[in-house]
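# Inside the fold
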Amino acid sequence: MCSSAIDSSLVELLFWLVRTLSAQNMMEMVLIRDCVAVGSVPCFYSGMNFSLDKVRRCQNSSIVDCSVLSGSAFWLRRRKSIVTVYSSKFGLLCEENVNVGLSFSMGEGHRQSLNGDEVDCPSCVTPIIPQTMDELNAKPVYCLPSLEQEKGQGLSKRKLHFLEERDEGLLSKRILKLSRSNKSRSALELFVSMEVSGLQPNAHACNSLLTCLVRNGSLDDALEVFELMRKKEVATSHTYSLILKAVAGVQGCDSALRMFKALEGEVTTVKNFDVIVYNTMISVCGKVKNWFETEILWRKLKQNAVAGTMLTYDLLVSTFVQCDQTELALGAYHEMIQNGLEPSEDIMKAIIASCTKDGEWALALQVFEKMLSAGIKPNAIAYNSMINCLGKAGKYDLAFRIYGLMKNSEHKPDAYTWSALLSSLYRSGRYADALRLFESIRKDQGDQLNAYLYNVALLSCQKLALWGHSLQLLWQMETNGIPMSTESYNHVIFTCEAARNPKVALQVYQRMIRNKCTPDLFTHLSMVRSCVWGSLWKEAEDILESVAPNASIYNTIIHGLLLRGKTTMAKKWYNRMCEIGFKPDGKTRALMLQVYSNERVRPHPRYRVWKHS
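Predicted model only: the values in this text are computed from it and were never measured. (Residues numbered from 1 in each chain as written. Predicted model: local features only at pLDDT ≥ 70, side-chain atom pairs only at ≥ 80, totals over all residues. Heavy atoms only, no water.)

Quick look at the overall build of the protein now. From N to C terminus, the protein includes 29 helices and 9 strands. Each of the 613 residues in the protein was classed as buried or not, and the buried ones make up 47%. Restricting the contact set of the protein to residue pairs at least 6 apart, pairs at least 24 apart contribute 64%. Surface accessibility of the protein: about 32000 Å² in total, with carbon and sulfur atoms responsible for 52%. (Helix = DSSP H or I, 4+ residues; strand = E, 2+ residues; numbered from the N terminus. Buried < 20%, exposed > 50% of the residue type's maximum accessible area, 1.4 Å probe, protein only. Contact = heavy atoms within 4.5 Å. Areas by Shrake-Rupley, 256 points an atom, 1.4 Å probe, with all protein chains shown as cover.)

Moving on to the pattern of salt bridges. Taken as a whole and judged by the stated rule, the model has 15 salt bridges. The residue Lys-232 makes a salt bridge to Glu-195 at a minimum N-O spacing of 2.5 Å. Placement of the pair is Lys-232 in the loop between helix H7 (219-231) and helix H8 (237-251) and Glu-195 in helix H5 (residues 184-196), with a sequence separation of 37 residues. Since its relative accessible area comes to 40%, Lys-232 is described here as partly exposed. Using a relative accessible area of 18% as the deciding quantity, one classes Glu-195 as buried. The partner of Asp-433 in a salt bridge is Arg-430, and the shortest N-O contact between them spans 2.6 Å. (Salt bridge = Lys/Arg side-chain N within 4 Å of Asp/Glu carboxyl O.)

Between its terminal C-alpha atoms helix H16 (residues 361-373) stretches 18 Å, which fits the 18 Å expected from 13 residues at 1.5 Å a residue. Those residues of H16 lying buried are Leu-363, Ala-364, Leu-365, Val-367, Phe-368 and Met-371. Elements that come into contact with the buried residues of H16 comprise helix H14 (326-338), helix H15 (345-358), helix H17 (380-392) and helix H18 (396-408). (Expected span 1.5 Å × (residues − 1).)

Let us now look at the packing of helix H9 (residues 253-264) against helix H11 (residues 275-287). Angle between the axes and distance between the axes: these two values describe a pair of packed helices. The N-to-C vectors of H9 and H11 enclose an angle of 155°; their axes lie 10 Å apart at closest approach. With respect to each other, H9 and H11 are oriented roughly antiparallel. The two elements H9 and H11 cross, and the hand of that crossing is left-handed. Facing H9, whose interface residues are Cys-253, Ala-256, Leu-257, Phe-260 and Glu-264, H11 presents Val-277, Tyr-278, Met-281, Val-284 and Cys-285. Residues that form the contact of H9 with H11 fall into these classes: 9 nonpolar, no polar and 1 charged. (Axes fitted to C-alpha atoms, helices over the stretch in contact; angles between N-to-C directions. Parallel < 35°, antiparallel > 145°, perpendicular 65-115°, else oblique. Left-handed = near helix turned anticlockwise from the far one by under 90°. Nonpolar A, V, L, I, M, F, W, Y, C, P; charged D, E, K, R; others polar.)

Right, dumping it as structure tokens:
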């Protein structure tokens, strides 16, 4: 359509509209599209002279500075289209695309001009409302950034939409629906458009938007939305929990703690810091096993008179148990009982595990009985922990009672169960019972035997000096493919030493070397003692020559030689010990001083004994 064919009434109506809007006290940006006029329309607004030059038809948009009358709508009619101006903070006249040349005169001698270029922009795209003229020059209004480009942009640079709907509840539902559909860009643009239009989404919609932004990795945008919510006092405890958890996930626990402490110091946010926020921070600290900050949060929870929930104590006990803070874990458990809360199954299991580490068998037994009375079925870990705790305390009778309950339940004893039972018998001094239990396990549950069970049986043989039985167990270990260790061979050698059978101990020692199992200091000390008591002097010297010099080994052989009356050999090894630079212990020095004193004593001539004929 030619511009000269436009009705002159359109120009008059446009002039009246601008003059009417100039009565407002604010200056706004109005994007005029599909507005074709002939001639010029001069007007004066707040000391600013601007004229609408002759406009020709093309495909572009332009900006006119004016203000929009609130609560009104105007229609500019022409032949084939209707141009609508709707009252909002920003008004839009959107139908077809035109090219407008604008000339602004600001003050004296200051002039800024903007000339539009012909481009191809679909009319269905909602234009961007720029904040300043410089921004308009920098980026065309028709350029739509991608989602990747928009990440990290400030909310002020987001695209704004013309909102015909003014109902805050309906717009909040739209934000909620877009956020649940994971359309973060559209939801954020709608949120910003409502902010610009003076509309406020409800807290539920804002929280859903925060969740959507965090899920899509837009933490900076989420923080800006959070600040707007906080300033307008629409942030809830769920809002604080969401943002603190997001900051911890992206920037770490320390950043979340700093943010928490900063927010906690503000008077306006204290009322929103309920148990949900504290639970979130306790969970964040628990994931990185920061028990120190967890304890501080626990103290603040009580100082602010915030009642902890079941989840609170579950997190506290779990964190303290994982960090080996048994005293704090038990303190949280007792506080929960005092507050009238019934502990959950997880808390009871954690307390039993904590008592096992700390040896609190009485409390562990009390918690275990409470589980049974509450109808909670303990799992295999709880049974084994309870048996182990009682076994360490030497309460083998109670341990076997728990073992009986375990057999009657759906859980079957495993290697951990047998280890706990054998250890309880050994610690209680019932070595023969331990060997009988081991034999029953070997016959019925041979596939569950491991090196630990064999070592406990070997220790029981050592206490009973059953060197023959210990040899049988050692051969069984080698035959069954159980990994052999220095500890296992040492148990057999110690048993032979206790049984005064040095030749068998020497054979086990030689077999140990052939199987490429390295002897340690305890092996050599035991072998030296066995050889000395068995009068195997050559074998003892061979062992001393084959090992690295050690003060403990020299002291041991000197003690043995002196007690057996071998003073000459004892002085030989003592002199060698001193030459190397080792210091003898107190017993060695006392024995050698006695030897040298006896050698220096001679009968005095005055006290010679005469024999009577």
